[in-house]
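Listed below, chain by chain, are the residues.
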Amino acid sequence: FRRVLFRSEEGSKVSGKAKLYDTESGLKVLVHLSGVQPAGLHGIHIHENGSCDDGGKAAGGHFNPHGTDHGFLPENGAEAAHIGDMGNVEIDEDGDGLMKVVLPGVSLHEENAVSGKAIVLHAKEDDFGQPTGNAGERIGCGVIVSAKEWIEKMQGVHGDMGDYHGSMKGSGHGEMKGSEAEK
């Protein structure tokens, strides 16, 4: 499996984690978020690059190796949606949200591999419009990383924050504290 630790811009309360597993049905993604405002639906996608620098802009566009239209991968499939199209996460009045989704035809290291890419949380709902769902600015980001990388990043988060402050960095399996992740 892989982990993601979400980071947000300095001063933001957005945090969280994601855990990703290969299954027979595809890639299972579990996301837990906190500090997200406003309540309601927020777009969440796997992006093409494994960097959350520059407020998450360095993550690039949605992971779309097949050049398809935007959609909802679990319903539309890879022939009619970006590989990174995970849809929306519902945020409650306290700013918390949980999401579980299985992405068919996606894996950590094989077909349509996402290890090393970024997961990005957006400010608004993904309305599934073209070309990318009109979900607005990037408010949280994490890079999909291995367990070893997760441990190293967590040591950095809980010790000297170093380059974790002031940028939307992220990782792969686990915690969305506006930071990075694990395998």
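This text goes with the structure placed above it.
Parameters at a glance
Residues numbered from 1 in each chain as written. Predicted model: local features only at pLDDT ≥ 70, side-chain atom pairs only at ≥ 80, totals over all residues. Heavy atoms only, no water. Patch = residues over 30% accessible without salt bridge, like charges linked within 9 Å, V, L, I, M, F, W, Y side chains within 5 Å. Areas by Shrake-Rupley, 256 points an atom, 1.4 Å probe, with all protein chains shown as cover. Salt bridge = Lys/Arg side-chain N within 4 Å of Asp/Glu carboxyl O. Lys, Arg positive; Asp, Glu negative; His and termini not counted. Charge placed at Lys NZ, Arg CZ, Asp CG, Glu CD. Helix = DSSP H or I, 4+ residues; strand = E, 2+ residues; numbered from the N terminus. Buried < 20%, exposed > 50% of the residue type's maximum accessible area, 1.4 Å probe, protein only. Contact = heavy atoms within 4.5 Å. Core = buried A, V, L, I, M, F, W, Y, C linked by side-chain atoms within 4.5 Å. Disulfide = S-S within 2.5 Å.

Asks: So what's going on with a negative patch on the surface? Residues and values would help.
Replies: A cluster of acidic residues, Glu90, Asp92, Glu93 and Asp94, forms a negative patch at the surface. Mapping glutamate 90 onto the fold places it in strand S5 (residues 85–91). Owing to a relative accessible area of 56%, glutamate 90 belongs among the exposed residues under this scheme.

Asks: Outline the environment of glutamate 111, supporting the account with residue identities and numerical values.
Replies: Within the element layout of this structure, glutamate 111 appears in the loop between strand S6 (97–103) and strand S7 (118–122). Relative accessible area serves as the criterion here: at 52%, glutamate 111 is assigned to the exposed category. With sequence-adjacent residues up to four places away left out, glutamate 111 is seen in contact with Gly105 and Val106.

Asks: An account of the nonpolar core is requested, with residue identities and associated values reported.
Replies: Judged by nonpolar contacts, the single largest core of 29 residues is most densely connected at Leu20, Met86, Leu103, Val114 and Ile119. When residues of this core are traced back to their parent elements, those giving at least two are strand S2 (15–23), strand S3 (26–34), strand S4 (40–47), S5, S6 and S7. Among the elements that line this core, the one with the most residues is S3, at four residues. Setting aside its immediate chain neighbours within four residues, methionine 86 contacts Val29, Ile44, His45, Ile46, Phe72, Met99, Val101, Leu103 and Ile119. Formed by seven residues, the second largest nonpolar core is a distinct cluster that contains Cys52, Ala59, Ala118 and Cys141.

Asks: Any details on the state of the cysteines? Residues and values, ideally.
Replies: Taken as a whole, this structure holds one disulfide when the rule is applied. For cysteine 52, the disulfide goes to cysteine 141, at an S-S distance of 1.9 Å. In this structure the cystine formed by cysteine 52 and cysteine 141 twists about its S-S bond by roughly -70 degrees; its chirality is therefore left-handed. Here cysteine 141 lies in strand S8 (residues 138–143) and cysteine 52 lies in the loop between S4 and helix H1 (73–76), a separation of 89 residues in the sequence. The pair formed by cysteine 52 and cysteine 141 is uniform in burial state, with each residue classed as buried.

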